[in-house]
Amino acid sequence: MNRRSFAQSVGSAAILSAVSGSSTLSQNLTVSKAGKVMAIAAHPGDGMFTMGATVAKQIERGGGGVLLSLSIGERGAPKNIPVQQYGAMQRSATENAVRLIGAEAIFLDYSDAEIPFNEESSLRVCDVIRDQRPEVVVTHWSGSWHKDHQNCHLIVRDAIFYAGLETLTRERPAHTVSKIFYAENWEDAANFVPDTYIDIDSVCDKWLQACDFYPMWRGQTGFFRYNDYYTSLSIMRGCLSGFRHAVTLMSDLNQRNQRLQSL
Ligand SMILES: [Zn+2]
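Residues numbered from 1 in each chain as written. Predicted model: local features only at pLDDT ≥ 70, side-chain atom pairs only at ≥ 80, totals over all residues. Heavy atoms only, no water.

Remarks on the sheet that holds strand β3 (residues 64-69)
- Taking strand neighbours across the sheet as the criterion, the 8 strands line up as β1-β7-β8-β6-β5-β2-β3-β4 in an open arrangement whose pairing is mixed. Strand pairing shows two members of the sheet lacking a second neighbour, β1 (14-16) and β4 (104-107), which therefore form its edges. Neighbouring strand axes in the sheet, compared pairwise and without regard to direction, differ in orientation by 25° on average.
- Pairing analysis gives 4 bridges linking strand β7 (residues 196-199) to strand β8 (residues 246-251), with the strands arranged antiparallel. (Pairing = 2+ DSSP bridges. Helix = DSSP H or I, 4+ residues; strand = E, 2+ residues; numbered from the N terminus. Axes fitted to C-alpha atoms, helices over the stretch in contact; angles between N-to-C directions.)

Right under this line is the structure:
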């Protein structure tokens, strides 16, 4: 079966070697110029487990990558580790993980479980976007049971709007993000419909090694089997897209329009 047949077999999904901020998505294998990807997550684990492979792939292709965490996820602490100490562990795991994949980490200081969706948080993220100037942003899908994830989704949408608004004066000049994608996350699964498959095979080992810096990845802090879930998901998504390993994204509804003169 060729790539086109694979693409047809997964519906209207785009099969990509990396995410692009400039090319038109198509059902064929698309290889495009690598731009900078910014992953924006409520908690550092979400950033690395669900968006890290996409960032790693972009960097491997000569693009840039940055992970912005709105909190350090300190309240995921198990009973035997004080919350503050666990927060420090999360931060250190993230710094080690991004170093391994060649990305940069930025942390905001909102309290885990209390990330607010308001003008202040949206403008803070807007300022980071204006400073980093990514072509593509990947963040949480809205269909989450977790309030921080839901708020992150809303914050990012407003932040991207503010970042591109020329008439909004901030310290840094306006910057337009070309594309927004939502990551596949076990906690954000309600109505998540992937339409973009990315080949991550060449960075898969490195990404899994990066994830392994987090105690939660190895099941040391809770019940969920992150390692098993995201490792097997990459294989399953690879089966559906004709790659050995793949991750999926859901593109923002507003960027799905295609302007064609003929089919
Ligand atoms: Zn989370």
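Digging into the pattern of salt bridges
- Throughout the structure, instances matching the rule amount to 11 salt bridges.
- For the salt bridge of D228 with R225, the shortest nitrogen-to-oxygen distance reads 3.0 Å.
- What emerges from the salt-bridge pattern is a single network uniting D109, E120 and R124. (Salt bridge = Lys/Arg side-chain N within 4 Å of Asp/Glu carboxyl O.)

Considerations on the packing of helix α2 (residues 44-60) against helix α6 (residues 204-211)
- Interaxial distance between α2 and α6 falls to 10 Å at its minimum, and their mutual angle equals 155°. In terms of orientation, α2 and α6 fall into the roughly antiparallel class. As for the relative orientation of α2 and α6, their crossing is right-handed in sense. Of α6, the residues touching α2 (which contributes M48, F49, G52 and A53) are W207, A210 and C211.
- Looking at the contact of α2 with α6, its residues break down into 6 nonpolar, 1 polar and no charged. (Parallel < 35°, antiparallel > 145°, perpendicular 65-115°, else oblique. Left-handed = near helix turned anticlockwise from the far one by under 90°. Contact = heavy atoms within 4.5 Å. Nonpolar A, V, L, I, M, F, W, Y, C, P; charged D, E, K, R; others polar.)

A look at the environment of N96
- Relative to the helices and strands, N96 is located in helix α3 (residues 83-101).
- Considering only alpha carbons, one finds N96 and F213, 117 residues apart in sequence, at a separation of 7.0 Å.

Brief notes about the pairing of strand β2 (residues 36-41)
- With respect to burial, β2 is a largely interior element, 5 of its 6 residues being buried.
- In the sheet, β2 pairs with β3 via 6 bridges, with the strands oriented parallel. Pairing of A39 across the sheet is with L67, part of β3.
- Tracing the backbone out of β2, into α2 and back to the parallel element β3 gives a crossover that is right-handed. (Buried < 20%, exposed > 50% of the residue type's maximum accessible area, 1.4 Å probe, protein only. Right-handed = clockwise from strand over helix to strand, strands pointing away.)

Let's talk about the packing of aromatic side chains
- Under the criterion given, the structure shown has 15 aromatic pairs.
- On the basis of an interplanar angle of 80° and a centroid distance of 6.2 Å, the ring pair of W186 and Y226 is categorised as edge-to-face. Of this pair, W186 sits in the loop between β6 (179-183) and β7 while Y226 sits in helix α7 (residues 226-241), and the two are 40 residues apart along the sequence.
- You can call W186 partly exposed: its relative accessible area is 21%.
- Given a relative accessible area of 11%, Y226 falls into the buried group.
- Relative to Y226, the ring of F224 lies with its centre 4.9 Å away and its plane at 75°, an arrangement referred to as edge-to-face.
- Pairwise contacts between aromatic rings join F49, W186, Y214, W217, F223, F224, Y226, Y229 and Y230 into one cluster.
- In this structure, R91 packs its charged tip against the face of F107, placed 4.4 Å from the ring centre. (Phe/Tyr/Trp six-rings, centres within 6.5 Å; stacked < 30°, edge-to-face > 60°. Lys NZ or Arg CZ within 6 Å of the ring centre and 35° of its normal.)

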